Amino acid sequence: MNPRLVFPATVVLMESTHLDPSNDYLERNMNLSRREFSKSLVLAGLSCTAGQWPTRAVRAAEPSIKAGTGFIDVHTHIGTYTDPKKNLTAEGLIRWMDENQIEKSCVLPLTSPESTKYLQTTESVLAAAKAHPDRLIPFCSVDPRTTHAGSVKALVGMIQAWVDQGAKGFGEHKVGLNFDDPLMMRVYEACQEVGIPLLFHIDTIRGKDVPGLKRLENALKTFPELNFIGHGPGWWASISGGLTPKELGGYPKDKVKPGGAIDDLMSRYPNIYGDLSAGSGANSISRDLEFGTEFLIRRQDRILFGTDYLAPGQNVPQFELFEKLELPAEVRAKINRENAIKVLKLT
């Protein structure tokens, strides 16, 4: 029996700006859940097939993760996002990581007023990573409009100080400006000088762009030594061509059309990567599983596993989605962790 065949095609989408992270529709509507099927395998003493990702039941039964074997999640948050009743502590994040075979997680601050109701500072992220250095990878961030970030030199000084404390990347860069606004370009220049990647959010409100992602392209060619990591509805909707401005800020459900900006940019710029987190990342693959599978294989060196886990009890569609996909073991290994190790310069 092939466990991939028992799942319905529906994947519940969660994007931190659109849906309640407590959504559990997927779990409640499976005909036979992967968790139940995997539990039966565990009870029968059967192991996972080589090359497949560990099932969630197996992960939950084995909270101790052997170094070098688990996922590296490039996109999580701690603290409060929009609901003050749903505060995620570093310890809560790590418990969730243990349940899902995630060895390390990048923790991203949110420092722009458009990014969240409750700001998450770089200092809080650095403190959490210092307390859990074997599990949490800190990022840093500053809003480019703040007075203390008024020049490239000032930004370099700030970012370098955070890097000296352990920060491995800049982000989540989720700012209510055009993607190539001069203030935004100043941040990119500073990150390029310091030598860390930048994880950005694109839609019609934050990191604003147009169909075809021409503003992003301007940044890519202006700063060729800076690795950009794409995230958000505007980025992942651009897996398809023929987008309208409205679709750039949403979750298109139709089949992928030729001419997508992501493929085009990846074919011409070696410094652009994709973060598969949140509802936008899951939707980009699930909306057209045949194209999505081919895309992941074609761009296997540019895709990073991520969840955007940010609140207790949040549903994460990436696990079920990827259990349905037929991907070679070497492709899974790159997406799971190897690409993150390369881009973030992890040892």
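The structure contained in this document is the topic of the report that follows. (Residues numbered from 1 in each chain as written. Predicted model: local features only at pLDDT ≥ 70, side-chain atom pairs only at ≥ 80, totals over all residues. Heavy atoms only, no water.)

### Topic: the overall build of the protein
At step 1: Summing up its helical and strand segments, the protein has 15 helices and 10 strands in all.
At step 2: Here the protein holds 347 residues, and 59% of them are scored as buried.
At step 3: Within the protein, counting contacts between residues at least 6 apart in sequence, those at least 24 apart form 77% of the total.
At step 4: Looking at the protein as shown, the accessible area adds up to about 13900 Å², and 54% of this sits on carbon and sulfur atoms. (Helix = DSSP H or I, 4+ residues; strand = E, 2+ residues; numbered from the N terminus. Buried < 20%, exposed > 50% of the residue type's maximum accessible area, 1.4 Å probe, protein only. Contact = heavy atoms within 4.5 Å. Areas by Shrake-Rupley, 256 points an atom, 1.4 Å probe, with all protein chains shown as cover.)

### Focus on the nonpolar core
In a soluble, globular protein the nonpolar side chains are often hidden away together inside.
At step 1: Tyr188, Leu216, Phe228, Trp235, Ile272, Phe295 and Leu296 are the most contacted members of the largest nonpolar core, which totals 77 residues.
At step 2: A per-element tally of this core places helix H7 (residues 182–194) first, with 7 residues.
At step 3: Contacts of Ile272, omitting those with residues within four sequence positions, involve Phe200, Leu216, Leu220, Phe228, Gly230, Trp235, Leu265, Met266 and Arg302.
At step 4: Core analysis: the second largest hydrophobic core is formed by 14 residues, Ile72, Cys106, Leu108 and Leu344 among them. (Core = buried A, V, L, I, M, F, W, Y, C linked by side-chain atoms within 4.5 Å.)

### Comments concerning the sheet that holds strand E10 (residues 303–304)
At step 1: One open sheet accounts for 8 strands, arranged E1-E4-E5-E6-E7-E8-E9-E10; its pairing is parallel. Two strands in the sheet have a free side with no partner beyond their single neighbour: strand E1 (71–76) and E10.
At step 2: In the sheet, strand E8 (residues 228–231) pairs with strand E9 (residues 272–275) via 3 bridges, with the strands oriented parallel. Within E9, the residue paired with Gly230 across the bridge is Gly274. (Pairing = 2+ DSSP bridges.)

### Quick look at the pattern of salt bridges
At step 1: Summed over all chains, the structure comprises 14 salt bridges.
At step 2: Note that Arg206 is salt-bridged to Asp203, the shortest N-O span being 2.7 Å. Each member of the pair, Arg206 as well as Asp203, is classed as buried.
At step 3: The structure contains a network of salt bridges with shared partners spanning Lys214, Glu217, Asp264 and Arg268. (Salt bridge = Lys/Arg side-chain N within 4 Å of Asp/Glu carboxyl O.)

### Re the side chain of Thr116
At step 1: Here Thr116 is to be found in the loop between strand E4 (102–107) and helix H5 (122–131).
At step 2: According to the relative accessible area criterion, Thr116 is buried, its value standing at 9%.
At step 3: At 3.2 Å, the side chain of Thr116 forms a polar contact with the backbone nitrogen of Tyr118.
At step 4: For Thr116, the residues in contact, after removing those within four places along its chain, are Thr80, Tyr81 and Leu110. (Polar contact = N/O pair within 3.5 Å; in protein donor to acceptor, adjacent residues only side chain to side chain.)

### Focus on the environment of Phe71
At step 1: Assignment of secondary structure puts Phe71 in strand E1.
At step 2: In this structure, the C-alpha to C-alpha distance between Phe71 and Ile102, residues 31 residues apart in sequence, is 4.5 Å.

### Let's talk about the environment of Ala190
At step 1: Note on placement: Ala190 falls in helix H7.
At step 2: When the C-alpha atoms of Ala190 and Val156 are compared, they prove to be 5.0 Å apart, with 34 residues separating the residues in sequence.
At step 3: Residues within four places of Ala190 in sequence aside, it is in contact with Val152, Leu155, Val156 and Ile159.

### Describing the packing of helix H11 (residues 261–268) against helix H13 (residues 289–298)
At step 1: Look at H11 against H13: their axes get within 12 Å of each other, and the N-to-C directions meet at 15°. Judged on the interaxial angle alone, H13 and H11 are roughly parallel. Crossing hand, H11 versus H13: left-handed. Contacts between H11 and H13 involve Ile262, Asp263 and Met266 on the former and, on the latter, Phe291, Phe295 and Arg298.
At step 2: In terms of residue class, the contact of H11 with H13 is made up of 4 nonpolar, no polar and 2 charged. (Axes fitted to C-alpha atoms, helices over the stretch in contact; angles between N-to-C directions. Parallel < 35°, antiparallel > 145°, perpendicular 65-115°, else oblique. Left-handed = near helix turned anticlockwise from the far one by under 90°. Nonpolar A, V, L, I, M, F, W, Y, C, P; charged D, E, K, R; others polar.)

### Let's talk about the environment of Phe170
At step 1: As for its placement among the helices and strands, Phe170 is situated in strand E6 (residues 169–173).
At step 2: Using a relative accessible area of 0% as the deciding quantity, one classes Phe170 as buried.
At step 3: For the pair Phe170 and Ser141, spaced 29 residues apart in sequence, the C-alpha to C-alpha distance is 5.5 Å.
At step 4: Filtering out sequence-adjacent residues up to four positions away, Phe170 remains in contact with Phe139, Cys140, Ser141, Val142, Ile159, Val187, Cys191, Ile196, Pro197, Leu198 and Leu199.

### Some thoughts on the pairing of E9
At step 1: On E9, burial covers both faces: Ile272 and Gly274 on one face and Tyr273 and Asp275 on the other are all buried.
At step 2: Looking at chain direction, E9 and E10 are connected through 2 bridges and run parallel. Paired with Asp275 across the strands is Leu304, a residue of E10.

### Some words on the layout of surface pockets
At step 1: Of the pockets and cavities examined, the largest pocket occupies roughly 310 Å³.
At step 2: As for the largest pocket, its lining consists of 17 residues, of which Pro133, Leu136, Ile137, Lys168 and Leu346 are closest to the centre.
At step 3: Put simply, the parts of the chain that give the lining of the largest pocket at least two residues each are H5, strand E5 (136–140) and helix H15 (329–344). (1 Å grid on protein atoms, 1.4 Å probe; cavity = no way out; pocket = protein on both sides within 12 Å on 5 of 7 lines; lining within 4 Å. Points joined across faces, edges and corners; volume = space filled by probe spheres on them.)

### A few points about the packing of aromatic side chains
At step 1: Inspection of every chain in the model, using the stated rule, returns 15 aromatic pairs.
At step 2: Note on Trp235 and Trp236: the rings are 5.9 Å apart at their centroids and 70° apart in plane angle, and the pair reads as edge-to-face.
At step 3: On the basis of relative accessibility, which here comes to 0%, the residue Trp235 falls in the buried class.
At step 4: Ring geometry for Phe291 against Phe295: centres 6.4 Å apart, planes inclined by 15°, an arrangement best described as stacked. Residue Phe291 and its partner Phe295 are located together in helix H13, separated by 4 residues, close to a single helical turn.
At step 5: The rings of Phe179, Tyr188, Phe200, Phe223, Phe228, Trp235, Trp236, Phe291 and Phe295 are connected pair by pair, giving a single aromatic cluster. (Phe/Tyr/Trp six-rings, centres within 6.5 Å; stacked < 30°, edge-to-face > 60°.)

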